[in-house]
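Report on the structure
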Amino acid sequence: MFRQQAIRAISRRHASSAATASSSGPQSRATVPNYELFARRLAKARATVLENKPLTLAQKILYAHLHDVDSMSSAPVPGESYLKLSPDRVAMQDASAQMAILQFMLSGMKQTAVPTSIHCDHLVEAYEGADMDVARSWQTSREIYEFLQAASAKYGIAFWKPGSGIIHQLVLENYAAPGTLMLGTDSHTPNAGGLGMLAIGVGGADAVDAMAAIPWELKAPRVLGVHLRGKMNPWGNPKDVILALAGKLSVRGGTGYIVEYFGQGVQSLSCTGMATICNMGAEVGATTSVFPYTDSMGRYLAATRRGDIAEAADAQRAAYLTADPQVAADPAKFYDEIVEIDLDKLEPGYNGPFTPDLHTPRSQMAETAAKEGWNDSVSAALIGSCTNSSYQDLSRAASLAKQASAHGVRVAEGTEFLVSPGSEQIRATMERDGIQQAFEAIGAKVLANACGPCIGQWNRDDHPLVKTRATNSIVSSFNRNFRARNDGNPNTMNFLTSPEMVLAAALGGRLSFNPLKDTLKDAQGKEFALEPPTGDELPRDGYAAGRPEYQPLLTHDPSMAIPISPSSTRLQSLAAFAPWDGQEFADTRVLVTVQGKCTTDHISAAGKWLKYKGHLENLARNTLIGAANAAMDGQVNVVRNAVPQLEPAQGSIPDVATAYKNAAVPWLVIADYNYGEGSAREHAAMQPRFLGCNMVVSRSFARIHETNLKKQGVLPLVFARPDEDYFIFTKNPHELVIRSEGVKGINDRNPVVWLVADRIQDGKTVESHRIECRHTMSADQIGWFKAGSALNLIASQQQ
């Protein structure tokens, strides 16, 4: 009963505000936003705490979604204050939805408070292609699909079956609406910013807040303005904007910011092109990204059967869906930081390998590849993913394929060419318009309408390069390229680029092939050059609906039973985490000192582990298996046991963590910069918590992961002197015994917590370090920590 009360009463408490946005049942597409309500909220905020100051677009949307302006005594301070917001919508993909639903089931609610959708895109493995892969996913994941389908029916959630499409493409096509606020349990949720929506990636526990009408808390972000000048050149793609920006900002340069685009160049971009830019904004650590409302957004809304939303948005353009005139007149005065990008001068680029912020302009690629020793041969070229699978992307790439076919040219020998449509609507339209045939004519395999290789769902195990873990290069239009992410081979180097450059690489077979100046040979051995790609922003004959079996299921039956077998290895009911005992942490051991990049992929691997996303105990067996140990020369997934009487003395990270858990030995993780970057998966916080982790101490955190740790009752701390104190833990950290000072009196007014690290050798303390750390928790978040988790706190308030 304790956790069954977790959400119920808070939902009742906030029912009055939730009623304005409550879900009337599952939706096939969005209805017209309540712009009148947004205007009233924003006007009230302007007249009170904001003191009528000019606002950026991002600020307008945020403040129009404040849960209770009357409770605020002063204007929010970016980077310090916390905002309590009322989201309009929730979207979840099948891997992350499992844990979110398991938590929501404890609420006692008969339906979600806001419109919610589940999209089955992560569990389809790319292997034989399209329909065969979807059919196989039903064989391997039927238990999960039936669980999610039943839960969707019970709670009034729109359920999109496997094969219907990728979550972010489907949201753009059906649910995104300018000026609204959406939470999504996937880090690339900001894709919907291309349609003027403030769409933010979160963990499942945050999504449950919105689904249960509990105000959602966000640290007030700063706003980074990106000024776009000029117009894309013929070989350019909007992808090049975000590739270049990632190169400028790095993977953590956008942390704590919303990225807002403005300037004349915005008007030249298509809606789907802007979505591409916002999608990959996750790779700079940004809270989200957003564009002002444009004519191309209106055209896209009309083309996707939402003309009523376009009409309403047109009327809101000046007042709500663009920054205030004063901001446009003097951007430097209102944006916290500004980055300038001239589209006229922007050239195609490649980002990688192993990190999405290592940018190389196309003109420098051959020289850089040779200098760095990158394998020049392209073993695979992949178009698609949620980032680049729009009609415009595919039609432009197809124009190059048609040129190649006209000269009797197919993809280069030894290069595999794979295409992943973003949705059934896109697949059907590209088939009708001859785009699919153009790809297949040069040797492409068309995959299912799903994430596939982008997230590691790529059965490439039989490929010799993967079998032997050989160094090889692939080129993709994806958004993320962490080591071993795509095919499990840590030596596969993924270079991110535009669909046009992927197609060119497939034809040339080399990283060094530059279609802007190099030539290909036709069937007769005669050289020819590719002409710049062309394509349509929207299909001339409208979008094809696709096969009816891929339309969403819109059932609402509160009596529906949700199947969870006690013997299941895929699904497991959740148990409450233990509350904090009110004392300082003592006798805590260092499990691992993480060296360098440690993404949520490293903390909670995807790929073959996706099947356990609904079973915390089984999934915990992969905890931190991708982490490099700074104390053991960067070896991956190897640590020394800090407790002599425990076994193993040295072993994998989850094995040693499990030994600590079984012996009731508390432990912590020491982490490098931007710990937890990447996907929004809350499992990367739940797994360490399940195994007994009480703290993660890092040089800095990625936003979503830090919040997820807080939600699960783990104390996240950052070193006050990150470039000094981190290194205390890189030499024999298994000898250190940690205790805290300041946790017992932790509060939101004093961020300081001290850690005392005693080095014990032969039973004696040989040295001691007192290390200053800082927390970033609000009063509410401290309540989560004390209760053991956010859900525990809500439950305890009802006893």
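This structure is a prediction, so every number in the text was calculated from the model and none was measured.

As for the pattern of salt bridges
One pass over the full model with this rule turns up 36 salt bridges. For K44, the salt bridge is made with D70, and the minimal N-O distance between the two is 3.0 Å. Here K44, found in helix 3 (residues 35-47), pairs with D70, found in the loop between helix 4 (57-63) and strand 1 (82-85); they are 26 residues apart in sequence, far enough to count as distant. For K44, a relative accessible area of 38% gives the class partly exposed. Looking at D70, the relative accessible area reads 57%, which means it is exposed. For R427, the salt bridge goes to E431, with nearest N and O atoms at 3.2 Å. Of this pair, R427 and E431 both sit in helix 17 (residues 424-432), four residues apart, which is roughly one turn of that helix. Its relative accessible area of 37% is what places E431 among the partly exposed residues. Each of D131, E424, R427, E431 and R547 takes part in salt bridges that share partners, so that together they form one network.

A closer look at the layout of surface pockets
Size it by volume and the largest pocket reaches roughly 1300 Å³. If you go around the largest pocket, you meet 43 residues; those closest to its centre are A484, G488, A606, G607 and K608. Top element by residues in the lining of the largest pocket is helix 6 (residues 130-155). It accounts for five residues. For the lining of the largest pocket, the class distribution of residues is 16 nonpolar, 14 polar and 13 charged.

Describing helix 16 (residues 391-406)
Between its terminal C-alpha atoms helix 16 stretches 22 Å, which fits the 22 Å expected from 16 residues at 1.5 Å a residue. A large share of helix 16 lies buried, amounting to 13 of its 16 residues. Positive phi appears at G408, one or two residues downstream of helix 16, with a value of about 70°.

A word on empty space enclosed by the protein
Applying the stated criterion to the full structure yields 10 cavities of 30 Å³ or more. Roughly 250 Å³ of internal volume is contained in the largest cavity. Lining the largest cavity are 25 residues, with Q93, H122, D186, I455 and R485 positioned closest to its centre. The residue makeup of the lining of the largest cavity, split by class, is nine nonpolar, 11 polar and five charged. Estimates place the volume of the second largest cavity at around 170 Å³. Lining the second largest cavity are 18 residues, with A282, G285, A286, G678 and I704 sitting closest to its centre. For the lining of the second largest cavity, the residue count by class is seven nonpolar, eight polar and three charged.

Some points on the packing of helix 11 (residues 295-303) against helix 12 (residues 307-316)
Running from amino to carboxyl end, helix 11 crosses helix 12 at an angle of 155°, the nearest separation of the two axes being 7 Å. In terms of axis orientation, helix 11 runs roughly antiparallel to helix 12. Across the interface between the two elements, G298, L301 and A302 from helix 11 touch G307, I309 and A310 from helix 12. Residue classes in the contact of helix 11 with helix 12 are distributed as four nonpolar, two polar and no charged.

Thoughts on the environment of A406
Secondary-structure assignment places A406 in helix 16. Given a relative accessible area of 66%, A406 falls into the exposed group. Sequence-wise, A406 and D522 are 116 residues apart; in three dimensions their C-alpha atoms are separated by 8.9 Å.

Let's talk about the packing of helix 5 (residues 94-104) against helix 8 (residues 204-211)
Packing of helix 5 against helix 8 brings their axes to within 9 Å, and their N-to-C directions diverge by 50°. Considering their axes alone, helix 5 and helix 8 lie oblique with respect to each other. Regarding helix 5 and helix 8, the two cross each other, and that crossing is right-handed. Residues A100, I101, Q103 and F104 of helix 5 pack against G204, A205, V208 and M211 of helix 8.

Observations regarding the sheet that holds strand 8 (residues 222-229)
With parallel pairing, the four strands of this open sheet are ordered in space as 10-9-8-11. On the outer flanks of this sheet lie strand 10 (288-290) and strand 11 (337-342), each paired with one strand and no other. Neighbour-to-neighbour, the strand axes of this sheet turn through a mean angle of 20°, independent of strand direction. Pairing between strand 8 and strand 9 (residues 257-262): six bridges, direction parallel. By the bridge assignment for strand 9, R222 is matched with Y257. Together, strand 8, strand 9 and strand 11 form the strand contacts of helix 9 (residues 239-249), whose direction differs from that of strand 11 by roughly 135°.

Concerning the pairing of strand 15 (residues 416-419)
In this structure, strand 14 (residues 378-383) lies alongside strand 15, joined through four bridges in parallel fashion. In the strand pairing of strand 15, A380 is matched with E416. Taken together, strand 14, helix 16 and strand 15 constitute a β-α-β crossover, and its handedness is right-handed. In the sheet, strand 15 pairs with strand 16 (residues 444-446) via three bridges, with the strands oriented parallel. Bridge pairing in strand 16 places L418 opposite K445.

Things to note about unusual backbone geometry
With an omega dihedral of 5°, the bond running from G352 to P353 counts as a cis peptide bond. Mapped onto the fold, P353 is located in the loop between strand 12 (349-351) and strand 13 (359-361). Not every positive phi belongs to a glycine, and A484 is a case in point at roughly 70°. With respect to the helices and strands, A484 occurs in the loop between strand 17 (472-476) and strand 18 (492-496). Even without being a glycine, N637 presents a positive backbone phi close to 60°. With respect to the element layout, N637 can be found in the loop between strand 23 (635-636) and strand 24 (639-640). Taking the relative accessible area as the measure of exposure, N637 reaches 19% and is therefore buried.

What to know about the sheet that holds strand 6 (residues 198-201)
Taken in spatial order, the five strands of this open sheet run 4-3-2-5-6, and their pairing is parallel. In this open sheet, the two strands that pair with only one neighbour each are strand 4 (158-160) and strand 6. Averaged over neighbouring strand pairs, the angle between their axes works out to 20° when direction is ignored. Summarising the sheet, strand 2 (residues 89-93) and strand 3 (residues 116-119) pair through four bridges and their orientation is parallel. The residue bridging V90 from the neighbouring strand is T116, located in strand 3. This element, helix 6, spans strand 3 and strand 4 of the sheet and lies at about 155° to strand 4. Contacting strand 2, strand 3, strand 4 and strand 5 (181-184), helix 7 (residues 167-174) runs over the sheet at an angle of about 150° to strand 2.

A short note on the environment of T707
Here T707 shows up in helix 25 (residues 703-711). Measuring from C-alpha to C-alpha, the distance between T707 and P26 comes to 29 Å, with 681 residues separating the pair along the chain.

How each quantity is defined
Residues numbered from 1 in each chain as written. Predicted model: local features only at pLDDT ≥ 70, side-chain atom pairs only at ≥ 80, totals over all residues. Heavy atoms only, no water. Salt bridge = Lys/Arg side-chain N within 4 Å of Asp/Glu carboxyl O. Helix = DSSP H or I, 4+ residues; strand = E, 2+ residues; numbered from the N terminus. Buried < 20%, exposed > 50% of the residue type's maximum accessible area, 1.4 Å probe, protein only. 1 Å grid on protein atoms, 1.4 Å probe; cavity = no way out; pocket = protein on both sides within 12 Å on 5 of 7 lines; lining within 4 Å. Points joined across faces, edges and corners; volume = space filled by probe spheres on them. Nonpolar A, V, L, I, M, F, W, Y, C, P; charged D, E, K, R; others polar. Expected span 1.5 Å × (residues − 1). Axes fitted to C-alpha atoms, helices over the stretch in contact; angles between N-to-C directions. Parallel < 35°, antiparallel > 145°, perpendicular 65-115°, else oblique. Contact = heavy atoms within 4.5 Å. Left-handed = near helix turned anticlockwise from the far one by under 90°. Pairing = 2+ DSSP bridges. Right-handed = clockwise from strand over helix to strand, strands pointing away.

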